Amino acid sequence: MRKFLIAAALMLGTIAETSIAARNVRVVDGDTIELNGETFRLHGIDAPEAGQQCTLPLGKSWPCGKAAIRSMEDLVLDKAVQCDSRGSDGYGRTIGVCTVNGADINAAMISAGMAWAFRKYSLDYAKLEDVAHQNRVGVWQAPTETPWDFREAKWAVSQQEAPNGCPIKGNVSGGGYIYHAPWSPWYDRTKVSLQKGERWFCTEAEAVAAGWRAPYWGR
């Protein structure tokens, strides 16, 4: 059913102007991809975080964050992906609408119930979200926590416990300089060793400016 919904959503409108086109695609998470080393945060949507669980009927839960990542992989891996540029955010990412063969990937994620319309910043996908909600697909199967509320709750708890209230962990590993925000699935397992050059950050922007990057959750 999920792949059918994604395929149906890919029949949506096209975008004429693009800034980059590539088959060299890497999925960062359910709303972020990397093309030829440039990171794109998909405009107008907010997918569940990698470690987030969503609610099913009768109070059960399912790993919606991982499901969103898999959905994004189905849409973009080994495809000729194009993204336009609509400015940048505070983390060095380009904000854009991405397409495959002219079909809107952002819209596909919303229509499959694998992301919320990020109405705080844009209403472009609000109507598509309303339809997904009515059809009870993906995250709309039962009332569930939004990703922004999930992040806020994790941040508030970790900020109380972190040195100087700066809860982001800068880790040095074989993968390079990677930071873990409190909503990262690896957050509790990550230890900060000052002797290894690891450190704490107060914001994601601070971590990015210092040369750290967010982890990749996709393949």
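The structure displayed is predicted, hence computed values, not measured ones.

Asks: Looking at this model, I keep getting lost on the sheet that holds strand S13 (residues 168-173). Mind explaining?
Replies: Two strands in a sheet stick together by hydrogen bonds in their backbones, pointing the same way (parallel) or opposite ways (antiparallel). Pairing in this open sheet of three strands is antiparallel, and the strands run S14-S13-S15 from one edge to the other. The open sheet terminates on both sides in strands that have one partner only, identified here as strand S14 (176-180) and strand S15 (199-201). Averaged over all pairs of adjacent strands, the angle between their axes in this sheet comes to 30°, without regard to strand direction. For S13 and S15, the ladder comprises three bridges, and the chain directions are antiparallel. Following the sheet pairing, Gly170 is matched in S15 by Arg199.

Asks: Would you take a moment to explain the nonpolar core for this structure?
Replies: One broad rule of soluble globular proteins: the nonpolar side chains tend to lie buried together. With 39 residues, the main nonpolar core has Ile33, Met72, Val76, Val81, Cys98, Ile105 and Met109 as its most contacted residues. It is helix H2 (residues 64-76) that provides the largest number of residues to this core, a total of seven residues. Aside from chain neighbours lying at most four places away, what touches Cys98 is Ile33, Phe40, Leu42, Val81, Gln82, Cys83, Ala103, Asp104, Ile105 and Asn106. In this structure, Phe150, Ile168, Tyr179 and Phe201 belong to the second largest nonpolar core, which totals nine residues.

Asks: What is the right way to look at the environment of Asp188 in this model?
Replies: With respect to the helices and strands, Asp188 occurs in the loop between S14 and S15. Classification of Asp188 as exposed rests on a relative accessible area of 65%. A C-alpha to C-alpha distance of 9.8 Å links Asp188 and Ser158, two positions 30 residues apart in sequence.

Asks: It is not clear to me how the state of the cysteines should be interpreted in this structure. Could you clarify?
Replies: Joining two cysteines, a disulfide is a covalent bond between their sulfur atoms. Using the criterion set out here, one finds three disulfides in the structure. Two residues, Cys54 and Cys64, share a disulfide whose sulfurs are 2.1 Å apart. In this structure, the disulfide formed by Cys54 and Cys64 twists by about 70° around the S-S bond and is classed as right-handed. One end of the pair, Cys54, is in strand S6 (residues 54-55); the other, Cys64, is in helix H2, with 10 residues separating them in the sequence. Note that Cys83 is cross-linked by a disulfide to Cys98, the S-S spacing being 2.0 Å. One disulfide, between Cys83 and Cys98, carries an S-S torsion of 105° and so falls in the right-handed class. Taken as a pair, Cys83 in strand S8 (residues 81-83) and Cys98 in strand S10 (residues 98-100) lie far apart in primary sequence, 15 residues in all. The class of Cys98 is buried, set by a relative accessible area of 0%.

Calculation criteria
- Residues numbered from 1 in each chain as written.
- Predicted model: local features only at pLDDT ≥ 70, side-chain atom pairs only at ≥ 80, totals over all residues.
- Heavy atoms only, no water.
- Pairing = 2+ DSSP bridges.
- Helix = DSSP H or I, 4+ residues; strand = E, 2+ residues; numbered from the N terminus.
- Axes fitted to C-alpha atoms, helices over the stretch in contact; angles between N-to-C directions.
- Core = buried A, V, L, I, M, F, W, Y, C linked by side-chain atoms within 4.5 Å.
- Buried < 20%, exposed > 50% of the residue type's maximum accessible area, 1.4 Å probe, protein only.
- Contact = heavy atoms within 4.5 Å.
- Disulfide = S-S within 2.5 Å.

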